[in-house]
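A structural walkthrough
Listed below are the residues making up each chain.
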Amino acid sequence: MLVANRVEEVVIAVPNTQYDKVVASLATSGIFHIEPPTKELSKYSMRIYRSASAISSERKARLEGFFKAINRNPEIVSGISLKISNWVDFLNELIEQNKDLETIFEKNITILNESKNKLNDLIELKKLIRYISYIDTDIRKAHESKLISFTIGILPSEMIEYAKKISNDIIMVYEKFQEDTFVIAIAGNNENVKKAYSNLVKLGFTAISIPSEFSGNPSKADKEIEEEINKINKEIEEIIEKLQEKYENLKDYYTKIFVINEVFKILNNTATSDTTSFIHGFVDIKDSKKLRNIIKNATNDRYLIYSLGIKRGQREVPTKMEIPRIFKPFESILKMYGTPNSNEIIPTIFMAITMPIIFGLMFPDIGHGLLVLLFGLFFLLPRSKDIGKVTIILGAAGIVTGFLANEFFGPLPAEALHMGEFWKSLGFQSAPLESPVDISISGGSQQLMQKLFYLSMDISFWIGAFMLIFGTLLGIANSYLKSDYEDLLGEKLPLFLLFLSAGLPFLLYFNTTEAGSTIKQALFGLGRGGPMEAFVFYGAIISLIWILIGKGIYRAAIGEGFRLNPMESFIGLFESMLLVLGNSISFLRIMGLSLAHSGLMVGFTILYLVIDPVGPKNPAMFTAAIIVYILGNLLTAGLEGIVAFAHNLRLHFYEWFNKFFTGNGVPFNPIRLPSINIIFQAA
């Protein structure tokens, strides 16, 4: 759960006559991680499968494209049995049997893509034509005139004054279409229009030209284009419906291609002699007995399994992670950074706790948290289950902290729901996490506003101190797991002491002012003032000296002599000092984003009150104010949700992970063919 499972490295030797049955059994077991040879083997005779493997991979990718074209995800048919006597023959026969199916899909998808491209062009054309659709005369005649040149188009409003200055030698007619757009028509002799057109393009002018297949009358052309768009949409729907009828056939074909493609991963990584085939790979120690039974049954007890040892920690060993189901979605976030080494602590469970807490503190609003939750539930979950579940959890965290911060789509609806009175009825001056920005406009006291501001800062520094101290402690544990005692004693241990010295006052006091005062007294009083001041000062001094010469002392202790690289030591010292300062301050992002969220919502609240200071008495202004407030909430929820998530990732990836986590491991990736049975029959 916190470290990778132990895996057994094995070499399986089986008679060539039984090899194919063994491959079939391994492919359907879902427990064996095939390990490719580190170099070309002299007896690597399984090259015969390489071209067939490339064909199966290409076919698999092609079929996945077919699924995408009909707006479906690739799907495996479970519970089927395949009878195979020769892997390559099976692939060739499978392709031959489904040749007509591929032809149908390729032909229709080609038409579909052409239709979609044409549709996109028409939609863009319609966007332009709508600017001049009020013109009910044929403008193409003016375009085709030999006496004058003519063009019509649109120009950004802010450029109209500049456009007027170049209209001396041409006829220019312009009309405001929208606040930000003018429609401009120019006419004149060829040379003058050409020159004016070139200057207008520099100002952002976009010419509107009606294709010959449509009427030269913009009003009629607009209707014709709309009809053509509807016609193409109908054609696209018909093609997709036609392909949907072949969906079950496509699933069946894809399943078989998927199976043979997975099997080739074993076939391509097998060494063989004249009589025996050798398969090298890894199995979870818990499945070791199961693997032996599988091989025994497939070979009628004619096999040899040579164990290369039960391993965890060696660099080349794949990482087999077993995370409790409740924390599993956060594994996808961890893998954005990398796969843990088999000799590293897996931080998924810790991250599953800290990420929602930090996100909630950055994004405290019941309403906005609900929007994030619904976005995860209805948009992300169907597309990516893990990311969707993470988003739902983060949204729920925002709802909880929003309740504690007295925010429901900002302070205005919360006030209407009397949320503040609820907290006061419990004996609180305000909601526990209420923003000082909200207090500042609601008429709260300066003392309360200052108290809440410092509380926000205290929480940020406390979380930072905890995560940084805990991260360096995990770094010590990882060095021990790797048996890298030089790194443990020469770097990780002094770094832990340095972060403990700097962070312990924040951790124990939960008071930024008191912690800062303690650190100030420790530094300027040279450790005088009390036990905490002494620990901060002497702990920091010892850790910095330790970082400087620790590796040299370790090398001397193991008999290699006192060897130091001065440049490496001073860079390590300088980097450590920057880390302890920069990383600690970085956690103020929590407070900063929380205040920014409140500030934005207060801004939209003020805008609402400015638009409609009297309430529902003026229905028009009241409606306008409501619309502005809703748009403000949507904008804030969308932008801040992204920003809070990005900064949350940053605090984990850059401030926390670099204390202990490398993420350069190899995932344990067994061949998996769920609920599929392969029966290999000798030809």
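All figures in this text were calculated on a predicted structure; none of them were measured in a lab. (Residues numbered from 1 in each chain as written. Predicted model: local features only at pLDDT ≥ 70, side-chain atom pairs only at ≥ 80, totals over all residues. Heavy atoms only, no water.)

Attention shifts here to empty space enclosed by the protein. Once rolled over the atoms, a probe with the size of a water molecule shows which space is left empty. The tally for this structure, following the rule as stated, stands at two cavities of 30 Å³ or more. Each pocket or cavity is described by its volume, and for the largest cavity that value is around 180 Å³. Lining the largest cavity are 17 residues, and of these Leu-361, Leu-433, Ser-456, Ile-459 and Ser-594 sit closest to its centre. Among the elements of the structure, α12 (348-362), α18 (446-481) and α23 (588-611) are those that each provide at least two residues to the lining of the largest cavity. In terms of residues, the lining of the largest cavity owes the most to one element, α18, which gives five residues. If you add up the space inside the second largest cavity, you get close to 70 Å³. Considering the residues around the second largest cavity, the lining is formed by Phe-461, Gly-464, Ala-465, Leu-468, Ile-469, Phe-499, Ala-502, Gly-503, Phe-506, Ser-584 and Phe-587. (1 Å grid on protein atoms, 1.4 Å probe; cavity = no way out; pocket = protein on both sides within 12 Å on 5 of 7 lines; lining within 4 Å. Points joined across faces, edges and corners; volume = space filled by probe spheres on them. Helix = DSSP H or I, 4+ residues; strand = E, 2+ residues; numbered from the N terminus.)

Further remarks concern helix α20 (residues 512-524). Compared with an ideal rise of 1.5 Å per residue, which puts 13 residues at 18 Å, α20 spans 18 Å between its outermost C-alpha atoms and is within 8% of the ideal. Listed as buried for α20 are Thr-512, Ala-515, Thr-518, Ile-519 and Ala-522. Down the axis, α20 shows its buried residues gathered within 130° of arc, on one side only. Residues Thr-513, Lys-520 and Phe-524 are exposed on α20 and point more than 90 degrees away from its buried face. Check the buried side of α20 and you find it contacts α18, α19 (485-509) and α21 (531-557). (Expected span 1.5 Å × (residues − 1). Buried < 20%, exposed > 50% of the residue type's maximum accessible area, 1.4 Å probe, protein only. Arc of directions from axis to C-beta. Contact = heavy atoms within 4.5 Å.)

Moving on: the environment of Trp-656. Along the chain, Trp-656 turns up in helix α24 (residues 619-656). We classify Trp-656 as buried; its relative accessible area is 1%. For the pair Trp-656 and Leu-468, spaced 188 residues apart in sequence, the C-alpha to C-alpha distance is 6.1 Å. Discounting residues that sit within four places of it in the chain, Trp-656 has contacts with Pro-347, Phe-350, Met-467, Phe-470, Gly-471, Leu-474 and Leu-651.

Across a sheet, paired strands are connected by hydrogen bonds in the backbone, their directions being either parallel or antiparallel. Strand order in this open sheet of four strands is β5-β6-β4-β7, and the pairing throughout is antiparallel. If you trace the sheet from one side to the other, it starts and ends with β5 (171-178) and β7 (206-207), each paired once. Sitting on the sheet, helix α7 (residues 190-202) touches β4 (149-156), β5, β6 (181-188) and β7, and the angle it makes with β6 is about 155°. (Pairing = 2+ DSSP bridges. Axes fitted to C-alpha atoms, helices over the stretch in contact; angles between N-to-C directions.)

This brings us to the pairing of β6. Counting buried residues in β6 gives eight out of eight residues, a clear majority hidden from the surface. By the alternation rule, side chains of β6 split into Thr-181, Val-183, Ala-185 and Ala-187 and Phe-182, Ile-184, Ile-186 and Gly-188, which are all buried. Two strands pair when backbone bridges link them, and β5 and β6 are joined in this way by seven bridges, in the antiparallel orientation. Following the sheet pairing, Glu-175 is matched in β6 by Val-183. As consecutive antiparallel partners, β5 and β6 are separated by two residues.

What follows is about the pairing of strand β3 (residues 81-84). Because side chains alternate across β3, one face comprises the buried residues Leu-82 and Ile-84, and the other comprises Ser-81 and Lys-83, none of which is buried. Relative to strand β11 (residues 677-680), β3 runs parallel, the two being bridged by four bridges. Bridging across to β11, Ile-84 finds its partner in Phe-680.

Time to look at the pattern of salt bridges. Per the stated rule, a full pass over the model turns up 24 salt bridges. We note a salt bridge from Lys-492 to Asp-487, for which the minimum N-O separation is 3.0 Å. Judged on exposure class, the residue Lys-492 and its partner Asp-487 are both buried. If you follow the salt bridges from partner to partner, you end up with Glu-58, Arg-59, Arg-62, Glu-102 and Glu-106 in one network. (Salt bridge = Lys/Arg side-chain N within 4 Å of Asp/Glu carboxyl O.)

Take the packing of aromatic side chains next. Tallying each qualifying case throughout the model produces 32 aromatic pairs. Residues Phe-408 and Phe-409 carry aromatic rings whose centres are separated by 5.0 Å and whose planes lie at 70° to one another, so their mutual orientation is edge-to-face. Classification of Phe-409 as partly exposed rests on a relative accessible area of 23%. Considering the side-chain rings of Phe-453 and Tyr-454, the 5.9 Å spacing of their centres and the 80° angle between planes classify their relative orientation as edge-to-face. Its relative accessible area of 30% is what places Phe-453 among the partly exposed residues. Each residue in the set Tyr-337, Phe-653, Trp-656, Phe-657, Phe-660 and Phe-661 is aromatic and connected to the rest through ring pairs, giving one cluster. (Phe/Tyr/Trp six-rings, centres within 6.5 Å; stacked < 30°, edge-to-face > 60°.)

Let's shift gears to α23. With 24 residues, α23 extends 35 Å from end C-alpha to end C-alpha; this agrees with the ideal 34 Å at 1.5 Å per step. Restricting attention to buried positions, one finds in α23 the residues Ile-590, Met-591, Leu-593, Ser-594, Leu-595, His-597, Ser-598, Met-601, Val-602, Phe-604, Thr-605 and Tyr-608.

When pLDDT is averaged across the protein chain, the result is 87; 96% of the residues are at 70 or more. Model confidence for the protein chain, summarised as mean pLDDT per element, is weakest for helix α5 (residues 140-144) at 72 and strongest for α12 at 94. (pLDDT = per-residue confidence, 0-100.)

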